[in-house]
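Structural overview for review
The residues making up each chain are set out below.
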Amino acid sequence: MDDITNTLNQVIFTLYEQPFTVGGLIFTPILLFVGVVLTNWLVKKLVARLIANGANADIVHLVKRITYIIAIIIITITTLDILNVPITAFAFLSGAIAIGVGFGAQNIINNFISGWILMWERPIRIGDFLEVENARGRVESINTRSTRIRRIDGVHMLIPNSKLLENTVVNWTLIDTLTRTMVKVGVAYGSPATKVKELINQAVTDQDDILKDPAPVVLFEDFGDNALVFETYFWINATVDRDLRVIRSNVRFAIDELFAEHGIVIAFPQRDIHVDGQLQLVSNSDSKQHKETL
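The present account deals with the structure reproduced in this document. Predicted, not measured: the structure shown is a model, and the values here were computed from it.

As for the packing of aromatic side chains
- In this structure the tally under the stated criterion is 2 aromatic pairs.
- An angle of 55° between the planes, with centres 5.2 Å apart, marks the rings of F220 and F223 as tilted.
- The class of F220 is partly exposed, set by a relative accessible area of 37%.
- Between F220 and F230 the ring centres are 4.6 Å apart and the planes differ by 15°, which places this aromatic pair in the stacked class. Here F220, found in strand β9 (residues 217–223), pairs with F230, found in strand β10 (residues 228–237); they are 10 residues apart in sequence, far enough to count as distant.
- With relative accessibility at 2%, the residue F230 sits in the buried group.

Laid out in structure tokens, this is it:
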């Protein structure tokens, strides 16, 4: 036993007056392997418990990040202790690295801090539907440097975290999924305006996805150049842009059918031309006969 102890305590080399023993070099990779395995096992247990309790995806993501960081700190300190390396030995080196990183990686640090702010304050959560710089999509993950969004066309977009905090971001689902939208239609002049309003209101209220409270509103918006313009506003629970487009399409289908049943004509562009002087019309037969005469 003493021989084993003496062998493990045998110094192999010295670096900056710090001896490294056989035991330290043997146990260090073992400790790292065991630490990684235990950390992954602990994270899986925590995630399973949180999901079973109905925790949000962003809370689960935040807990995973914090657990990994704590585990890395504990494993690093334990490894240095086994190697008999004092933490103060890295004070000067860490200070120099911090200064270099501060000057050379300002954007990375900015995005890193912004990522933690997003995960902690939760102005944007995993699963939210965002509108950023004319791009719309659902948040899939909030990472250390950037946030991954899947746009409505299926393309993945990576947005730096700092941009989400510094610029204007429209979050459709931050508080709830209530969204107001509208459909506009024009009918021919001479159409009964009151009947048109009733038919539009019927087309909207017949849709199961449209909320009854707040109630839909039909407005006689304007006397247009070619039509009597009506607009209807209604509320739905929409989580993506596709929901709005589908509902508006269904309302337009219903309006078209009801107008056709009741003889209401949907207006189309018309132009009245006024000509000063006289016009002479020549038929094709007259033109042919004129050519033969010539």
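Looking at the side chain of S191
- Relative to the helices and strands, S191 resides in the loop between β8 (178–187) and α7 (193–205).
- The class for S191 is buried, based on a relative accessible area of 14%.
- Dropping the residues within four chain positions of it, S191 is found in contact with V196, L228, I264 and V265.

Here's the deal with α7
- The terminal C-alpha atoms of α7, which comprises 13 residues, lie 18 Å apart, in line with the 18 Å expected from a rise of 1.5 Å per residue.
- For α7, every residue scored as buried is listed here: V196, L199, I200, A203 and V204. All buried residues of α7 fall inside an arc of 135° around its axis, so they share one side.

Some thoughts on the environment of I117
- Looking at the secondary structure, you find I117 in helix α5 (residues 106–121).
- Of the residues examined, I117 reaches a relative accessible area of 32% and is grouped as partly exposed.
- Sequence separation between I117 and S162 is 45 residues; the distance between their C-alpha atoms is 9.6 Å.
- Apart from the residues lying within four places of it in its own chain, the contact partners of I117 are R122, P123 and L165.

Side note on the nonpolar core
- Core analysis: the largest hydrophobic core is formed by 25 residues, its most contacted members being I200, F234, V251 and F259.
- Going through the elements one at a time, β8, α7, β10 and α8 (241–261) are the ones with two or more residues in this core.
- If near-sequence neighbours (up to four positions away) are discounted, F234 is found in contact with T179, R180, T181, M182, V183, V204, I210, P216, I247, R248 and V251.
- The next biggest cluster of nonpolar side chains, apart from the first, holds 13 residues, and it includes L118, M119, I142 and I149.

Regarding the sheet that holds strand β6 (residues 156–160)
- Read across the sheet, 5 strands follow the order β6-β5-β4-β3-β7 without closing on themselves; strand pairing throughout is antiparallel. A strand with exactly one partner marks an edge of an open sheet, and here the two such strands are β6 and β7 (170–171).

Some words on the sheet that holds β9
- Strand order in the open sheet formed by 3 strands is β8-β10-β9, with antiparallel pairing between adjacent strands. The outermost strands of the open sheet, each flanked by one partner alone, are β8 and β9. Strand-to-strand, the axes of this sheet are offset by a mean angle of 25°, without reference to chain direction.
- Docked against the sheet, α7 engages β8, β9 and β10, running at close to 20° with respect to β10.

Remarks on the pairing of strand β3 (residues 129–132)
- Across 4 bridges, β3 lies against strand β4 (residues 135–142) in antiparallel orientation. Bridge assignment links E131 to a residue of β4, and that residue is R136.
- Bridge count between β3 and β7: 2 bridges; the pairing is antiparallel. When the sheet's bridge partners are listed, L130 is paired in β7 with N171.

Thresholds applied
Residues numbered from 1 in each chain as written. Predicted model: local features only at pLDDT ≥ 70, side-chain atom pairs only at ≥ 80, totals over all residues. Heavy atoms only, no water. Phe/Tyr/Trp six-rings, centres within 6.5 Å; stacked < 30°, edge-to-face > 60°. Buried < 20%, exposed > 50% of the residue type's maximum accessible area, 1.4 Å probe, protein only. Helix = DSSP H or I, 4+ residues; strand = E, 2+ residues; numbered from the N terminus. Contact = heavy atoms within 4.5 Å. Expected span 1.5 Å × (residues − 1). Arc of directions from axis to C-beta. Core = buried A, V, L, I, M, F, W, Y, C linked by side-chain atoms within 4.5 Å. Pairing = 2+ DSSP bridges. Axes fitted to C-alpha atoms, helices over the stretch in contact; angles between N-to-C directions.

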